Amino acid sequence: MQRQRTSVSQEDYLKAIWDILQEEQEPISARLAEELQVTPPAVAAALKRMARDGYLRVERNGRIRLTAKGTARAEQLALRHRLAEKLLTDVIGLDWSRAHEEAERLEHGISEEVAALLLKRFGRGSACPHGVPLLGGLSRLRRSNGARPLADAPIGGTVEVLRVAEKDPKFLDFVSGLKLRPGARARVRHREYDETMTIEIAGRGGAPIHLGKPATTRIWVRVIPD
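Residues numbered from 1 in each chain as written. Predicted model: local features only at pLDDT ≥ 70, side-chain atom pairs only at ≥ 80, totals over all residues. Heavy atoms only, no water.

J.: Tell me what's going on with the layout of surface pockets, and back it up with residues and numbers.
T.: Empty space within the largest pocket amounts to approximately 1,300 Å³. Going through the elements one at a time, helix H1 (10-22), helix H2 (29-36), helix H4 (68-92), helix H5 (96-106) and helix H7 (137-145) are the ones with two or more residues in the lining of the largest pocket. Ranked by the residues each element gives to the lining of the largest pocket, the list is headed by H1, at 7 residues. Residue classes in the lining of the largest pocket are distributed as 11 nonpolar, 11 polar and 20 charged. (1 Å grid on protein atoms, 1.4 Å probe; cavity = no way out; pocket = protein on both sides within 12 Å on 5 of 7 lines; lining within 4 Å. Points joined across faces, edges and corners; volume = space filled by probe spheres on them. Helix = DSSP H or I, 4+ residues; strand = E, 2+ residues; numbered from the N terminus. Nonpolar A, V, L, I, M, F, W, Y, C, P; charged D, E, K, R; others polar.)

In structure tokens:
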């Protein structure tokens, strides 16, 4: 069992809350404790301090709401994380399956000046190695491309992979082995009763492959009109 940390920085809390909101889930103390691998009392103490500092408020039902100050800071942190991932993969050559974990450490040391230079270097319209736009994050991906989980793609439709959830290195290795990285195209052939999907991946050759819901919910696609 992985040992839980008793404290993490406010930046870690803000980005974790932001990530949960980006996934359209409710940020609550229990989810934060699981995400950050800290104890519930540590979460409660951190939230109290952050509310005092004006970053968030905790409602009576336990839901956490970022203030304008907290939202702005969280967006900056999320951008620096994606910039760090892109620096690690595109410049240094680190494998995409390791980029998220390494960026978690690197993001805290990126200054505003360096972030601006990296954004200029990579381009404001580019995305992290896992497909999330550098600017706007998952919200922009949904708005501009109609992104949806592969699990919700229509049978018979052709889809393009836009984003792959980045926090599980083994899953990223699995997806990479199937050639399902962002930009790949596939045709959805069948959906079983248990929601297992059969797809054919363009350019891969061989027989169709079968993906369970744990995979199809973590791969985001756009449907390509016929």
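What follows continues from the structure just given.
J.: If you had to explain the pairing of strand S4 (residues 158-164) to someone new, which residues and values would you point to?
T.: Taken across its 7 residues, S4 has 7 buried, putting it largely inside the fold. As judged from the 3 bridges shared by S4 and strand S5 (residues 185-191), these two strands associate in the antiparallel manner. Residue pairing in the sheet places Thr-158 in a bridge with Arg-187 of S5. As judged from the 6 bridges shared by S4 and strand S8 (residues 219-224), these two strands associate in the antiparallel manner. (Buried < 20%, exposed > 50% of the residue type's maximum accessible area, 1.4 Å probe, protein only. Pairing = 2+ DSSP bridges.)

J.: Would you mind going over the environment of Lys-167 in detail, with residue names and values included?
T.: Tracing the sequence through the fold places Lys-167 in the loop between S4 and helix H8 (169-177). Classification of Lys-167 by relative accessible area gives partly exposed; the value is 41%. C-alpha separation for the pair Lys-167 and Ile-201, spaced 34 residues apart in sequence, amounts to 23 Å. With residues near it in sequence (within four places) discarded, Lys-167 still touches Asp-19, Glu-35 and His-100. One polar contact links Lys-167 to Glu-35, side chain to side chain, over a distance of 2.5 Å. (Contact = heavy atoms within 4.5 Å. Polar contact = N/O pair within 3.5 Å; in protein donor to acceptor, adjacent residues only side chain to side chain.)

J.: So, the packing of H1 against H4: which residues are in play, and what are the values?
T.: Where H1 contacts H4, the two axes come as close as 9 Å, and the packing angle between them is 90 degrees. Considered as vectors, H1 and H4 are oriented roughly perpendicular to each other. Contacts from Glu-11, Leu-14, Lys-15 and Trp-18 of H1 reach H4 at Gly-70, Thr-71, Arg-73, Ala-74, Glu-75, Leu-77, Ala-78 and His-81. (Axes fitted to C-alpha atoms, helices over the stretch in contact; angles between N-to-C directions. Parallel < 35°, antiparallel > 145°, perpendicular 65-115°, else oblique.)

J.: Before we move on, could you go through the pattern of salt bridges and cite the residues and values that matter?
T.: Evaluated as defined, the whole model comprises 20 salt bridges. With a closest N to O distance of 4.0 Å, Arg-63 and Glu-26 form a salt bridge. With a gap of 37 residues between them, Arg-63 in the loop between strand S1 (56-58) and strand S2 (64-66) and Glu-26 in the loop between H1 and H2 connect regions that are remote in the sequence. Judged by relative accessible area, Arg-63 falls into the partly exposed class, the value being 35%. (Salt bridge = Lys/Arg side-chain N within 4 Å of Asp/Glu carboxyl O.)

J.: How would you sum up the environment of Glu-195? Please name residues and give values.
T.: Mapped onto the elements of the fold, Glu-195 is located in the loop between S5 and strand S6 (197-201). Distance from Glu-195 to Ala-151, taken between C-alpha atoms, is 7.6 Å for residues 44 residues apart in sequence. Those residues within four positions of Glu-195 in sequence are excluded, and the remaining contacts are Leu-211 and Lys-213. Of note is the side chain of Glu-195, whose polar atom sits 3.3 Å from the side chain of Lys-213.

J.: Residues and numbers for the side chain of Glu-166, please.
T.: Counting through the fold element by element, Glu-166 comes out in the loop between S4 and H8. Filtering out sequence-adjacent residues up to four positions away, Glu-166 remains in contact with Glu-85, His-100, His-130 and Leu-172.

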